[in-house]
Amino acid sequence: MTQVDTEQQPNESVLAAEAKLDLSSVMAETFYEEVLERLDRELIGLVPVKTRIREIASLLLIDRMRRSVGLSAMPPSLHMSFTGNPGTGKTTVALRMAEILHRLGYVRKGHLVAVTRDDLVGQYIGHTAPKTKEVLKRAMGGVLFIDEAYYLYKAENERDYGQETLEILMQVMENNRDDLVVILAGYKDRMDEFFKMNPGMSSRIAHHIDFPDYHVDELVQIADLMLDQQQYQLTEEARELFREYVERRMQMPLFANARSVRNALDRARLRQANRLVKRGGEISVADLKRIETEDILASRIFQEK
Ligand SMILES: Nc1ncnc2c1ncn2[C@@H]1O[C@H](COP(=O)(O)OP(=O)(O)OP(=O)(O)O)[C@@H](O)[C@H]1O
Ligand SMILES: [Mg+2]
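Here the structure is a predicted model, which means the values were calculated and not measured. Every chain begins its residue count from 1, and numbering advances along the sequence as written. Chain labels run from A onward and ligand labels from 1 onward, assigned in the order the entries are written. The predicted nature of this model means local features are confined to residues of pLDDT at least 70 and side-chain atom pairs, given and counted, to a pLDDT of 80 or more, with totals for whole chains, interfaces and linings taken over all residues. Side-chain figures throughout are based on the complete set of non-hydrogen atoms in the structure, without hydrogens or water.

**Observations regarding the domain arrangement of the chain**
Thinking step 1. Note: domain ranges come from an automatic or database domain assignment. Split into domains, the chain comes out as domain 1 (23–210) and domain 2 (216–303).
Thinking step 2. Between domain 1 and domain 2, the C-alpha centre-to-centre distance is 34 Å.
Thinking step 3. Two residues form a contact once any of their heavy atoms are found within 4.5 Å. Taken together, the contacts link 8 residues of domain 1 with 9 residues of domain 2.
Thinking step 4. Note on terms: buried area is the combined drop in 1.4 Å-probe accessible area of two parts once they are placed together, counting the loss on both. In total, about 610 Å² of surface goes out of reach between domain 1 and domain 2, with carbon and sulfur atoms giving 61% of it.
Thinking step 5. Looking only at domain 1, the three residues that lose the most surface to domain 2 are Ile44, Pro86 and Gly87, adding up to 70% of its buried area.
Thinking step 6. We define a salt bridge as a contact between a side-chain nitrogen of Lys or Arg and a carboxyl oxygen of Asp or Glu at a distance within 4 Å. At the surface where domain 1 touches domain 2, the tally comes to 0 salt bridges.

This is how it looks when you write it as structure tokens:
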């Protein structure tokens, strides 16, 4: 077995082609399986997203091994776009991405800086560049997540300050790509339009990852997972009812996938607490954990016919 020295510079000494490296030790050292397994476990569905992340992680792992034996391993460009409707997990996955990139030695710190247009673009002439650069400085060594990135581009106004931000951004994405990953997020159709109008930006994005809306079953599983993490539990009947709740909620305006599930559960907890307090007397641990049908049934959705 050959000792893997990840600090070694490329091309210093390439080992003989037959030399064997121990993949499992590099995996252990980078927590490769742990992070990916956690991603699998803590996020319901999103199979294509998870597959792509696994591929990226594998590439970084192999690059690390290549570098360790003196083979060239140019840092790949990892700027991405995350498209999808509200509440489909874009911000959550970006956070995980930052952690994985850090574990695998791609970025130094692995933090996430989440911004929107207002954090980057100034109101007056001369304000935008310093504002954008300040954000980039904060994000260096980690991931810069720009939500609703298309607001940086205003087709109807050529002199919009957003253009300045885009230009600085593109330059940094090219020059600092081994220590900063930029993720542009937003609705799919608006993002497609944005990339069509900004081919320079489009060509710097290596991975376009689409976050589909969740199915009812997935949303109910997400609810179970969220409750489990908070040490609550739906009774069998309450889960049936919650499923019906989700089906109805999905048809209504402003439905936001997993975010709507989280909000509905917050309200269910409120009702559960109120029910217990009203009832008074002795309360068991099981009572404290249990969400019952009436906690769901009291929802506005079941009131209006
Ligand atoms: N697949 C999933 N499994 C479990 N929980 C999820 C999943 N997707 C999202 N969530 C949870 O739903 C909530 C909303 O997710 P998140 O903020 O990542 O969505 P988003 O796509 O960034 O939404 P927005 O566009 O509204 O910012 C979070 O609390 C997150 O933990
Ligand atoms: Mg978000």
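After presenting the structure, the write-up continues.
**A look at the site of ligand 1**
Thinking step 1. Around ligand 1, 19 residues are found, and the nearest of them are Ile44, Gly87, Thr91, Thr92 and Arg262.
Thinking step 2. By the criterion applied in these results, polar contacts are pairs of N or O atoms within 3.5 Å in which, for protein atoms, one can donate a hydrogen and the other can accept it, and in which residues neighboring in sequence qualify only through two side-chain atoms. Between ligand 1 and the protein, one listed contact pairs an oxygen atom with a backbone N or O atom of Gly89 at 3.0 Å.
Thinking step 3. Coverage of ligand 1 by the protein amounts to 85% of the 630 Å² it exposes when considered alone.
Thinking step 4. Where the shell around ligand 1 is concerned, the elements lending two or more residues are α4 (90–103), α10 (216–229) and α12 (257–279).
Thinking step 5. Note on residue classes: Ala, Val, Leu, Ile, Met, Phe, Trp, Tyr, Cys and Pro are nonpolar, Asp, Glu, Lys and Arg are charged, and everything else, Gly too, is polar. Grouping the amino acids of the shell around ligand 1 by side-chain chemistry returns 9 nonpolar, 5 polar and 5 charged. Here, proximity means that at least one heavy atom of the residue falls within 4 Å of the molecule or strand. Shrake-Rupley sampling with a 1.4 Å probe provides the accessible areas, and residues are treated as covered by the protein chains on show and by no other component. Helix numbers and strand numbers start at the N terminus; a helix is a DSSP run of H or I with at least 4 residues, a strand a run of E with at least 2.

**Thoughts on the packing of α10 against α12**
Two packed helices can be described by the angle between their axes and the distance between those axes.
Thinking step 1. Interhelical geometry of α10 versus α12 gives an angle of 50 degrees and a closest axis separation of 10 Å. Considering the angle they form, α10 stands oblique to α12. Crossing handedness for the pair α10 and α12: right-handed. Contacts between α10 and α12 involve Leu219, Ile222, Ala223, Met226 and Leu227 on the former and, on the latter, Asn257, Ala258, Val261, Arg262 and Leu265.
Thinking step 2. Considering only residue class, the contact of α10 with α12 consists of 8 nonpolar, 1 polar and 1 charged. Angles run from 0 to 180 degrees between N-to-C directions of axes, and those axes are lines fitted to C-alpha atoms, restricted for helices to the stretch in contact. Working rule for angles: under 35 degrees goes down as roughly parallel, over 145 as roughly antiparallel, 65 to 115 as roughly perpendicular, anything else as oblique. What makes a crossing left-handed is the near helix being turned counterclockwise from the far one by less than a right angle; a clockwise turn instead makes it right-handed.

**What to know about the environment of Ile125**
Thinking step 1. Assignment of secondary structure puts Ile125 in the loop between α5 (117–120) and α6 (128–139).
Thinking step 2. Separated by 36 residues in sequence, Ile125 and Tyr161 have C-alpha atoms that sit 7.8 Å apart.

**Let's talk about the packing of aromatic side chains**
Thinking step 1. For Phe, Tyr and Trp, where Trp contributes only its six-membered ring, two rings pair if their centres lie within 6.5 Å, and the inter-plane angle classes them as stacked under 30 degrees, edge-to-face over 60, or tilted in between. By the definition in use, this model includes 5 aromatic pairs.
Thinking step 2. Geometrically, the ring pair formed by Tyr245 and Phe302 is tilted, given 6.4 Å between the ring centres and 50 degrees between the ring planes. Taken as a pair, Tyr245 in helix α11 (residues 236–250) and Phe302 in helix α15 (residues 300–303) lie far apart in primary sequence, 57 residues in all.
Thinking step 3. Taking relative accessible area as the criterion, Tyr245 reaches 6% and is therefore assigned buried. A 1.4 Å probe rolled over the protein chains alone gives each residue an accessible area, and that area as a share of the maximum for its type sets the label: buried under 20%, exposed over 50%, partly exposed in between.

**Section: the pattern of salt bridges**
Thinking step 1. Summed over all chains, the structure comprises 26 salt bridges.
Thinking step 2. We note a salt bridge from Arg38 to Glu42, for which the minimum N-O separation is 3.4 Å. Remark: Glu42 and Arg38 occur in helix α2 (residues 32–42); sequence separation between them is 4 residues, near one turn of the helix.
Thinking step 3. A salt bridge links Arg248 to Glu244; the shortest N-O distance between them is 3.1 Å.

**Things to note about the environment of Gly280**
Thinking step 1. Within the secondary structure, Gly280 is located in the loop between α12 and α13 (285–289).
Thinking step 2. For Gly280, a relative accessible area of 25% gives the class partly exposed.
Thinking step 3. Along the backbone, Gly280 and Ala238 are 42 residues apart, and their C-alpha atoms lie at a distance of 22 Å.

**Remarks on the nonpolar core**
The nonpolar side chains of soluble globular proteins are, as a tendency, buried together.
Thinking step 1. For the purposes of this section, nonpolar cores are sets of buried Ala, Val, Leu, Ile, Met, Phe, Trp, Tyr and Cys residues that join through side-chain atoms within 4.5 Å. Judged by nonpolar contacts, the single largest core of 60 residues is most densely connected at Phe82, Leu101, Ile183, Phe242 and Ile296.
Thinking step 2. With 8 residues, α10 is the largest single contributor of residues to this core.
Thinking step 3. Shared between two domains, this core holds at least three residues of each, these being domain 1 (23–210) and domain 2 (216–303).
Thinking step 4. In this view, Ile296 contacts Leu234, Ala238, Leu241, Phe242, Tyr245, Ala268, Arg271, Ile291 and Phe302; residues no more than four positions away in its chain are not counted.
Thinking step 5. Core analysis: the second largest hydrophobic core is formed by 28 residues, Ala139, Leu166, Met170 and Leu184 among them.

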